[in-house]
2 protein chains.
Amino acid sequence: MENGAKRVEEEEEEQVVNPWEVSSKNKIDYDKLIDQFGCQRLDQSFVDRVFRLTGRSPHIFLRRNVFFAHNRDLNEILDAYERGDKFYLYTGRGPSSEALHLGHLIPFMFTKYLQEAFKVPLVIQLTDDEKCMWKNLTVEESKRLARENAKDIIACGFDVSRTFIFSDFDYVGGAFYENMVRVAKCVTYNKAVGIFGFTGEDHIGKISFPPVQAVPSFPSSFPHLFSGNDKLRCLIPCAIDQDPYFRMTRDVAPRLGYKKPALIESSFFPALQGVSGKMNAGDPNSAIYVTDSPKEIKNKVNKYAFSGGQDSVENHRKYGANLEVDIPFKYLSFFLEYDEELEHIRKEYGSGRMLTGEVKKRLIDVLTVLVERHRAARAAVTDEMVDAFMAVRPLPNMFN
Amino acid sequence: MENGAKRVEEEEEEQVVNPWEVSSKNKIDYDKLIDQFGCQRLDQSFVDRVFRLTGRSPHIFLRRNVFFAHNRDLNEILDAYERGDKFYLYTGRGPSSEALHLGHLIPFMFTKYLQEAFKVPLVIQLTDDEKCMWKNLTVEESKRLARENAKDIIACGFDVSRTFIFSDFDYVGGAFYENMVRVAKCVTYNKAVGIFGFTGEDHIGKISFPPVQAVPSFPSSFPHLFSGNDKLRCLIPCAIDQDPYFRMTRDVAPRLGYKKPALIESSFFPALQGVSGKMNAGDPNSAIYVTDSPKEIKNKVNKYAFSGGQDSVENHRKYGANLEVDIPFKYLSFFLEYDEELEHIRKEYGSGRMLTGEVKKRLIDVLTVLVERHRAARAAVTDEMVDAFMAVRPLPNMFN
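Remember, predicted model here, so these are calculated numbers, not experimental data. (Residues numbered from 1 in each chain as written. Chains lettered and ligands numbered in written order. Predicted model: local features only at pLDDT ≥ 70, side-chain atom pairs only at ≥ 80, totals over all residues. Heavy atoms only, no water.)

Let's shift gears to the domain arrangement of chain A. Residue and element names in this part refer to chain A. Domain boundaries in chain A define domain 1 (16-272) and domain 2 (294-380). Each of domain 1 and domain 2 has a C-alpha centre, and the two are 30 Å apart. Facing 20 residues of domain 1, the contacting portion of domain 2 comprises 23 residues. For the pair domain 1 and domain 2, the two sides together bury roughly 1,900 Å², of which 63% comes from carbon and sulfur. The interface formed by domain 1 and domain 2 includes five salt bridges. Its salt-bridge partner being Arg64, residue Asp339 comes within 2.7 Å of it at the nearest N-O pair. Applying the counting rule to domain 1 against domain 2 returns twelve residue pairs in polar contact (both at pLDDT 80 or more). Mapped onto the side of domain 1 that touches domain 2, the elements with two or more residues apiece are α3 (60-63), α5 (102-118), α7 (139-154) and β11 (270-271). Here the side of domain 1 that touches domain 2 takes four residues from α5, the largest share from any one element. (Domains from an automatic or database assignment. Contact = heavy atoms within 4.5 Å. Buried area = accessible area lost by both parts, 1.4 Å probe. Salt bridge = Lys/Arg side-chain N within 4 Å of Asp/Glu carboxyl O. Polar contact = N/O pair within 3.5 Å; in protein donor to acceptor, adjacent residues only side chain to side chain. Helix = DSSP H or I, 4+ residues; strand = E, 2+ residues; numbered from the N terminus.)

What follows is the structure, encoded as structure tokens:
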């Protein structure tokens with residue numbers, strides 16, 4: 001546990017969810033997380049409202065509860081949107097590895113949908129400084145990975161006229177740094193220990209970092225984008241393990257005269273081996289990477305995807321698959337576009353009429369198409385496009 | 001003690017010397033500081049060497065031991081200088097107040113001499129971020145004070161073709177920020193507590209700050225000045241209370257492949273009221289400010305300058321003045337240009353032939369000239385000149 005991060009221990013169960021570690025002996029208990037982090041579950045009325053406001057079918061990640069938690073301010077943002085006030089989106093990535101896996105794509109796929117549906121500007125932070133400090137990476141390697149990852153992010157289809165991608169090593173300074181100092185002044189070391197679980201053996205770079213991830217929540221950190229728009233609200237789509245950063249941010253915002261950012265948070269995309277925790281970047285067989293070939297995808301799914309099916313066909317026909325732990329079904333529920341087909345598989349596989357092999361075959365098809373589409377899109381991303389997304393510039397088409 | 005800063009307690013004596021507090025029940029014990037900070041006293045052979053190397057009379061702050069301590073690397077820098085290798089100077093100021101007092105001018109007067117004598121470039125850091133975090137100042141007020149203070153610094157006579165002045169709020173970013181991260185990675189929280197005495201109730205802005213003051217010691221923090229000159233040595237003239245920052249810097253430098261900066265450190269300029277500690281910015285009567293009128297100078301010296309003279313003229317004639325505690329004589333030893341005249345006063349006043357009133361009169365003359373000269377020089381500093389010194393630019397005349 002590199003960070004001495006705070007653990008939640010209760011009875012025999014133990015789960016750790018923080019920006020640097022997600023693990024659990026059993027399934028992640030999201031109800032407990034929601035309680036611990038002080039957020040709320042998204043309900044059907046919210047999904048209906050998004051449909052009404054945007055005039056388009058809500059993303060499957062909304063319909064299927066992948067993005068499942070939020071806080072009060074999200075409704076305020078939608079209230080304001082309904083009255084004609086726009087907002088901006090903020091998401092990010094810590095560029096710790098060259099190749100992204102499917103779990104990494106989820107916030108970006110969802111953010112792209114939000115950007116299109118609400119027609120709002122978006123800032124994407126690449127925390128190369130964080131990864132340089134947490135992983136044993138040089139500044140140069142972190143910056144290189146940030147740029148490589150930017151290509152995968154751009155390949156998700158963002159609109160360059162509404163999107164500013166920046167790396168911390170490139171962008172920290174000026175108004176952004178001023179806000180870092182303002183935030184840092186509001187957080188004692190003891191408070192940071194309470195939120196992030198730092199210990200005395202952690203280096204002061206780690207302790208300095210939370211304000212860096214906090215300040216993109218404030219429009220004044222981006223004078224070239226939001227000058228004169230200091231009251232613009234910020235909506236952050238992210239995985240729920242990032243919540244500590246934004247609890248701190250939301251706590252500090254009013255003391256600086258800033259609006260609190262709203263969050264919409266996803267559950268974790270599980271490892272092929274099972275549903276406890278999110279994927280482990282250290283084990284290539286725990287995840288499908290966007291660089292995997294069709295053959296690798298087929299092999300990984302067939303060999304490693306944990307099945308909730310029974311140990312014999314006879315038992316399977318009798319008891320059906322345990323969908324709560326079945327990875328092929330979980331993965332389909334993230335990526336299979338058609339609700340009816342997913343419902344069909346749920347019924348047939350859950351009752352035992354469909355076998356694991358059939359479900360895995362369908363998943364292999366779905367993932368192969370997804371990965372091949374991403375690979376083609378990424379191959380088309382030029383260095384000039386990266387420069388264009390990362391240029392410090394006004395966004396000409398922000399709110400149209 | 002706002003910082004929980006580390007105190008050195010021994011027997012009945014107590015002295016506190018750190019970047020945020022200098023105080024002592026008795027006279028500051030510099031031998032103890034030198035021991036504690038691991039530096040060495042400058043000796044006459046060093047002063048002679050500077051004379052030989054520069055071909056000009058060493059500054060009175062050297063001759064009179066105002067700058068009294070250094071470390072091994074200073075000799076290395078002079079060895080290299082003798083072989084034809086230049087170095088650069090780095091000093092700075094925390095802009096916490098509008099008006100500077102005489103104590104604030106000392107490092108700048110000395111640095112100006114070093115710049116002229118060695119013909120080397122100079123970077124001057126205005127730590128507006130530090131003052132924003134330590135004092136109850138807004139970002140905007142800290143930036144304003146930095147610019148005001150820059151005018152006083154420029155008025156000391158620096159050569160714009162060899163001098164880069166920057167404020168942290170303006171300049172942090174890019175290569176400078178990269179070095180901040182590199183330094184922060186090398187310093188654990190426990191280590192920072194050992195050096196700076198932080199407590200859990202200190203905000204994380206304070207804990208983040210030491211790397212900001214460390215990295216101007218590394219030429220790669222200034223690519224517009226020293227690109228391709230990564231091995232250039234750095235010499236830091238400063239008051240000895242800044243030593244903790246540079247002990248940390250010197251500790252970290254080799255781990256980053258950087259040269260250690262060398263230090264040349266001054267004792268403190270005493271308050272009018274006496275020799276324990278340096279001046280208290282909170283009490284306007286404890287110091288002569290560069291904004292004081294001749295009348296104010298006369299009044300302050302006559303009314304507040306602690307005298308080592310005896311309580312009656314009779315006793316004074318008999319025992320002489322105690323020069324160890326006499327503030328008028330101390331001040332003259334900082335600012336009276338002529339060695340012979342100072343020697344004369346030392347003898348005559350110390351033996352009781354000269355009275356406190358006469359010494360104070362001479363001091364008033366000296367300070368009035370000094371302050372009036374500074375006031376005139378500062379009045380001539382335009383906003384355009386400040387912009388010129390603070391422009392991020394190559395220095396055309398760095399090593400000539």
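Of the transformation placing chain A onto chain B, the axial shift is 0.1 Å and the rotation is 180°, giving an RMSD of 0.1 Å. This pairing of chains is accounted for by a two-fold axis. Closest approach to the rotation axis among the C-alpha atoms of chain A is made by A:Gly173, whose C-alpha sits 2.2 Å away. Mapped onto chain B, 100% of the interface residues of chain A again fall at the interface, so both copies present the same surface. (Least-squares fit on C-alpha atoms with pLDDT ≥ 70 in both.)

The subject of this paragraph is the packing of helix α2 (residues 44-54) of chain B against helix α5 (residues 102-118) of chain B. Residues and elements named next belong to chain B. Two elements in contact, α2 and α5, have axes whose closest approach is 9 Å; the angle formed by their N-to-C orientations is 45°. Classed by the angle they form, the pair α2 and α5 counts as oblique. The residues of α5 that touch α2, namely those facing Val50, Leu53 and Thr54, are Tyr113, Ala117 and Phe118. For the contact of α2 with α5, the per-class residue count stands at five nonpolar, one polar and no charged. (Axes fitted to C-alpha atoms, helices over the stretch in contact; angles between N-to-C directions. Parallel < 35°, antiparallel > 145°, perpendicular 65-115°, else oblique. Nonpolar A, V, L, I, M, F, W, Y, C, P; charged D, E, K, R; others polar.)

To continue, consider the sheet that holds strand β8 (residues 163-167) of chain B. All names here are of chain B. If you walk across this open sheet you meet the seven strands as β4-β5-β10-β9-β6-β7-β8, and the pairing is mixed. Both edges of this open sheet fall to β4 (40-41) and β8, since each of them pairs with a single strand only. Pairing analysis gives five bridges linking strand β9 (residues 233-239) to strand β10 (residues 262-266), with the strands arranged parallel. Its bridge partner being in β10, Leu235 is matched across the sheet by Ala262. Strands β6 (87-93), β9 and β10 of the sheet are contacted by helix α14 (residues 243-252), whose axis makes an angle of about 170° with β10. (Pairing = 2+ DSSP bridges.)

Moving on to the packing of aromatic side chains. Here a ring pair, both rings aromatic, is described through the centre-centre distance and the interplanar angle of the planes. Residue and element names in this part refer to chain A. Enumeration over the complete set of coordinates arrives at 77 aromatic pairs over all chains. With a centroid separation of 4.8 Å and 10° between ring planes, the pair formed by Trp20 and Trp134 is classed as stacked. Of the two residues, Trp20 is situated in the loop between β2 (13-18) and β3 (21-24) and Trp134 in helix α6 (residues 128-134); the sequence distance between them amounts to 114 residues. An aromatic cluster is defined as three or more aromatic residues linked by ring pairs; in this entry it consists of Trp20, Tyr90, Trp134, Phe196, Phe198, Phe209, Tyr245 and Phe246. (Phe/Tyr/Trp six-rings, centres within 6.5 Å; stacked < 30°, edge-to-face > 60°.)

With that settled, consider the interface of chain A and chain B. Taken together, the contacts link 35 residues of chain A with 35 residues of chain B. Contact between chain A and chain B buries roughly 3,000 Å² in total, counting both sides, with carbon and sulfur atoms accounting for 61%. The three residues of chain A that bury the most area against chain B are A:Tyr177, A:Lys185 and A:Ile204, which together make up 24% of that side's buried surface. Across the chain A-chain B interface, the total number found is four salt bridges. Put simply, B:Glu178 and A:Lys143 hold a salt bridge, and the shortest N to O gap is 2.6 Å.

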